[in-house]
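Spelled out, the chains give:
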Amino acid sequence: MMNNPKLTSIAQALIAIGSLSIATVAVAAEGDAQKDGGLTEVIITAQKIAQPASKTPLALSVITGEDLKNAGTVDPRALAATLPNVEIGQESGMLQVSIRGVTSLDMTEKGDPSAAFHVDGAYVPRYEAQAVAFYDLDRIEVLRGPQGTLYGRNATAGAINLITNKPTRKLEGKVGIELGNFNTRRYDAVLNIPLGDVWAFRAAVNGNKHDTFLNPGPNHIPLESQDDKSARLHLLGNFTPDTSLLLTVEHNDIGGAGVSPVPLTNFFSGTPTGTLPFTAPGRGNDLLNPVYVDRGSDAQRTAAWEFKQDLNQHRDNYANSLRAEFKTKLGETELTYQLAQMRMHTDQLNNGVYFGFPFANFINGDSKAVSNELRFNSTGTGPLRWVAGVYHFDEDNFRHSEYNTYITAPFGSFVVNLPFLASINNKSKAAFGQATYSLRDDTRVTAGLRYTQDRKSGYDPLSGEAAVPPATTSSKAYAQDVSFNNTSWKVGIDHDLMRNVMLYASVSTGYKSGGFNAEADTGVYQPETLKSFEAGVKGRFFENHLQVSANVFHYDYKNQQLTITTCRTNDPATCHSFTSNAANSVVNGLEIESKLKVGTGGEFRATAAFTDAHFKDYHPSTTIDYSGRKLDRAPSTTIGLGYTHRFLLENGAEIAATLSTRHSTSYYLSDPTLDVRYRQPSFRKSDASIGYDSSDGKWNVQLFVKNIEDEITLQSRVPGAFFISDPRTFGLRAGYNF
């Protein structure tokens, strides 16, 4: 365990490699540029139009498909290892994304994420469906900072765009398998077929299965595991050079055993609180004055408190998506229309502990979301470039869920049951536009505007309390219908300091829709808003052998939505999850990303983020003051280093070796209602891989290890327990291309 900001020996070795590389690359750059052309420029669509990443004036990171292959990334949570100021964890099996300390803690059907998640431009609203699309990808674009103008609501943290590989005019395919510890078995396959002169077809399938990462402790039931299967079909018609239609079908089965957290006491000592008179000693929903104790990976991963042993542990969810994208040119204007539909079915059981007793959460429900976007953008070469459009989103969610606490007391055993039958509808419509005008050849100004109208309605006849026959509703039943509107905007300027160096500055705003809580008397919460001031530089040096981007930012974060679980009494039946506009916050930071090409075969990568994220004004109660304290999930410093070297063999084959490490200072997970803060100490995690590609490009094999240190870190907190990161994993991948 690392409890200070010193870097590991792996990091020191990587820094030494980078320092030597920087010292020699200037001498070798001219000659190397003649041979290999330097680092590849990536074309992105982060601003709804295609442009080079190095010429896009905002803080973003691009991870290419080749990067994902070298790193062996098949899990979205692994992305955080390569990104500055991004933390990706999980709670109850769902992704929880935090960017620059901005996150959403409401993982229920009425909650919305703070980072807008897209696949090929289509918004994915449900947390459960976001983790299964990470296969056959061209690139991933991660935008840091509010994206209110072009991405709209629920993008106060930023946006994540997954761009899949599209059909090509070449008959080709590939298959791959992976075997690893924890009985990991993964497979993927791709087949690309041209169909005449107009159409092309691409099919991709993926499977991901592994046993639980947890030690069972006293439990004899299946603990959290993974058994996912996915398929994606693309049909692309290019009718003319300027007119195309892309049709996409996706199906994702999300299986395995239901999610299982581990007790707070695996990581901390302290005085238990949130107990019943007959709770076993040492247990509770929280620990007062918690002190971190490093008990090692095996103890940290042990489900040391027993779950309910006679339940049908399962996760049997699926998500289906249909998408259509039509593009054509009308003179010097390109028209794009995108229709997307996603259906999600949820059927799972989550384990837990509550007041020290076994706890089970049954979830069964369906959701359907449909989005439409009609967009126009300029294609001419004049001084004005612009994009404008309209957007409509409609989502229906139904969830039947039950929260059961299985209590054993001296006078007998009983179950506290909190049932929910929630029906939620979200509607959003917006009009947006953004334009960039060249004042002269080296200077451009940008202005954008988006107007959004949101409506959220919901009804639950139970809302955590069973109805007493003959009544069909309970005293907690609610019916809500709320509406909000917002105008987000952006103004910016960028200037070419020299041919390959750009300076930029901007002021932009973001907005996350408001909503309501799941009980009759818990009220409505208002939208949260964020204003960002940002300035940065992007440059390419030494004939594009060195790429550097850096930026500073300041956030004015208002009406921050915070979600807590609180109890009116020590009776579990009085507990509920509650969201309120609890805080105003300030976030300041500096971010740096760089890539350096070393000779003809090496690439050194470095990222760094320095962040001061704290509450400006937050009083969880009349006696508790969080003003000036750090936000949760916001380490003050993260540093990432990586090096890949390709060795070309005499027979034309290639060996690629990759080594990377990431260091993070400490961060907090809090329960503000009791003034309890759990501090995750600083840590490091390192990965390594070595792969072989045959001379004819037909087959490849790769050995890999992730999280070499076997470092277990806290990802989220629920009453009495934590969800945690993955342990050390290793394995072998092999693939064949045809």
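Please read these numbers as outputs of a predicted model, since none were measured by experiment.

Draft legend 1. The arrangement of the overall build of the chain in detail. For the chain, the helix and strand inventory stands at 3 helices and 40 strands. Dimensions of the chain, computed from C-alpha atoms along their principal axes, come out at roughly 85 × 55 × 50 Å. Partitioning the intrachain contacts of the chain with sequence separation of at least 6 by distance along the chain shows that 67% fall at a separation of at least 24. Entry remark: accessible area of the chain is about 28,900 Å², with carbon and sulfur atoms responsible for 58%.

Draft legend 2. Spotlight on the sheet that holds strand S3 (residues 60-64). Spatially, S3-S8-S9-S6-S7 is the arrangement adopted by the 5 strands of the open sheet, whose pairing is mixed. A strand with exactly one partner marks an edge of an open sheet, and here the two such strands are S3 and strand S7 (122-123). In terms of strand pairing, S3 meets strand S8 (residues 137-144) through 5 bridges, oriented antiparallel. Looking at S8, one finds that threonine 64 is bridged to arginine 139.

Draft legend 3. Structural detail: the side chain of aspartate 671. Within the secondary structure, aspartate 671 is located in strand S34 (residues 667-671). Within the structure, aspartate 671 has its side chain in polar contact with the side chain of threonine 673 (distance 2.6 Å). Sequence-distant contacts of aspartate 671, that is, excluding residues within four places in its chain, are made with Asp286, Tyr626, Val676 and Arg717.

Draft legend 4. The arrangement of the pattern of salt bridges in detail. Enumeration over the complete set of coordinates arrives at 40 salt bridges. As a salt-bridge pair, aspartate 136 and arginine 202 come within 2.9 Å of each other at their nearest N and O atoms. Separated by 66 residues along the polypeptide, aspartate 136 in the loop between S7 and S8 and arginine 202 in strand S12 (residues 199-210) bring together distant segments of the chain. Under the relative-accessibility criterion, aspartate 136 is labelled buried at 11%. With its nearest N and O atoms 3.0 Å apart, the salt bridge here joins aspartate 632 to arginine 677.

Draft legend 5. Structural detail: the packing of aromatic side chains. Counted by the stated rule, this structure contains 25 aromatic pairs. Ring centres of phenylalanine 553 and tyrosine 555 lie 5.2 Å apart, and the angle between their planes is 45°; this geometry places the pair in the tilted category. Ring-pair connections join several aromatic residues into one group, and the members of that group are Phe267, Phe268, Tyr292, Tyr678 and Phe722. Looking at arginine 100, its charged tip hangs above the ring of phenylalanine 553, at a distance of 3.8 Å from the centre.

Draft legend 6. Quick peek at the nonpolar core. In terms of nonpolar packing, the biggest core is built from 43 residues, with Leu79, Phe117, Ile140 and Leu162 touching the most fellow members. Counting residues per element, this core draws most heavily on strand S29 (residues 546-567), at 4 residues. Sequence-distant contacts of isoleucine 140, that is, excluding residues within four places in its chain, are made with Ser61, Val62, Ile63, Leu68, Leu79, Phe134, Ile160, Asn161 and Leu162. In this structure, Leu287, Trp305, Phe722 and Phe723 belong to the second largest nonpolar core, which totals 24 residues.

Draft legend 7. Inspection of the pairing of strand S6 (residues 115-119) at higher detail. The element S6 is largely enclosed, with a buried count of 5 among its 5 residues. Because side chains alternate across S6, one face comprises the buried residues Ala115, Phe117 and Val119, and the other comprises Ala116 and His118, equally buried. Across 5 bridges, the pairing between S6 and strand S9 (residues 158-164) is parallel. Each bridged residue has a counterpart across the sheet, and for alanine 115 the counterpart in S9 is glycine 158. With 2 bridges connecting them, S6 and S7 associate as antiparallel partners. Across the sheet, valine 119 pairs through a bridge with alanine 122, a residue of S7. The hairpin formed by S6 and S7 contains 2 residues between the paired strands, and aspartate 120 there has a positive phi angle of roughly 50°.

Draft legend 8. Examining the confidence of the model for the chain more closely. Looking at the chain, the pLDDT average stands at 90 and 95% of residues meet or exceed 70. The secondary-structure element of the chain with the lowest mean pLDDT is helix H1 (residues 9-36), recorded at 43, while helix H3 (residues 297-300) shows the highest, at 98. Across residues 1-7 the pLDDT falls below 50, and counting only partners more than four positions away or on other chains, this stretch makes 22 contacts in the model. Contacts for the low-pLDDT stretch residues 13-35, under 50 throughout, to residues beyond four places or in other chains number 32 contacts.

Draft legend 9. Local environment of unusual backbone geometry. In the segment running from proline 469 into proline 470, the intervening peptide bond is cis, with an omega of 5°. Phi is positive for aspartate 710, which is not a glycine, with a value near 55°. Note on placement: aspartate 710 falls in the loop between strand S37 (699-706) and strand S38 (714-718). Judged by its relative accessible area of 18%, aspartate 710 falls in the buried class.

Draft legend 10. Region of the structure containing the side chain of asparagine 154. Tracing the backbone shows asparagine 154 in the loop between S8 and S9. Under the relative-accessibility criterion, asparagine 154 is labelled buried at 0%. Separated by 3.2 Å, the side chain of asparagine 154 and the backbone nitrogen of serine 513 make a polar contact. The contacts of asparagine 154, once residues within four sequence positions are left out, are Asp112, Pro113, Ser114, Ala115, Ala116, Tyr123, Tyr511, Lys512 and Ser513.

Scoring rules and cut-offs
Residues numbered from 1 in each chain as written. Predicted model: local features only at pLDDT ≥ 70, side-chain atom pairs only at ≥ 80, totals over all residues. Heavy atoms only, no water. Helix = DSSP H or I, 4+ residues; strand = E, 2+ residues; numbered from the N terminus. Contact = heavy atoms within 4.5 Å. Areas by Shrake-Rupley, 256 points an atom, 1.4 Å probe, with all protein chains shown as cover. Pairing = 2+ DSSP bridges. Polar contact = N/O pair within 3.5 Å; in protein donor to acceptor, adjacent residues only side chain to side chain. Salt bridge = Lys/Arg side-chain N within 4 Å of Asp/Glu carboxyl O. Buried < 20%, exposed > 50% of the residue type's maximum accessible area, 1.4 Å probe, protein only. Phe/Tyr/Trp six-rings, centres within 6.5 Å; stacked < 30°, edge-to-face > 60°. Lys NZ or Arg CZ within 6 Å of the ring centre and 35° of its normal. Core = buried A, V, L, I, M, F, W, Y, C linked by side-chain atoms within 4.5 Å. pLDDT = per-residue confidence, 0-100.

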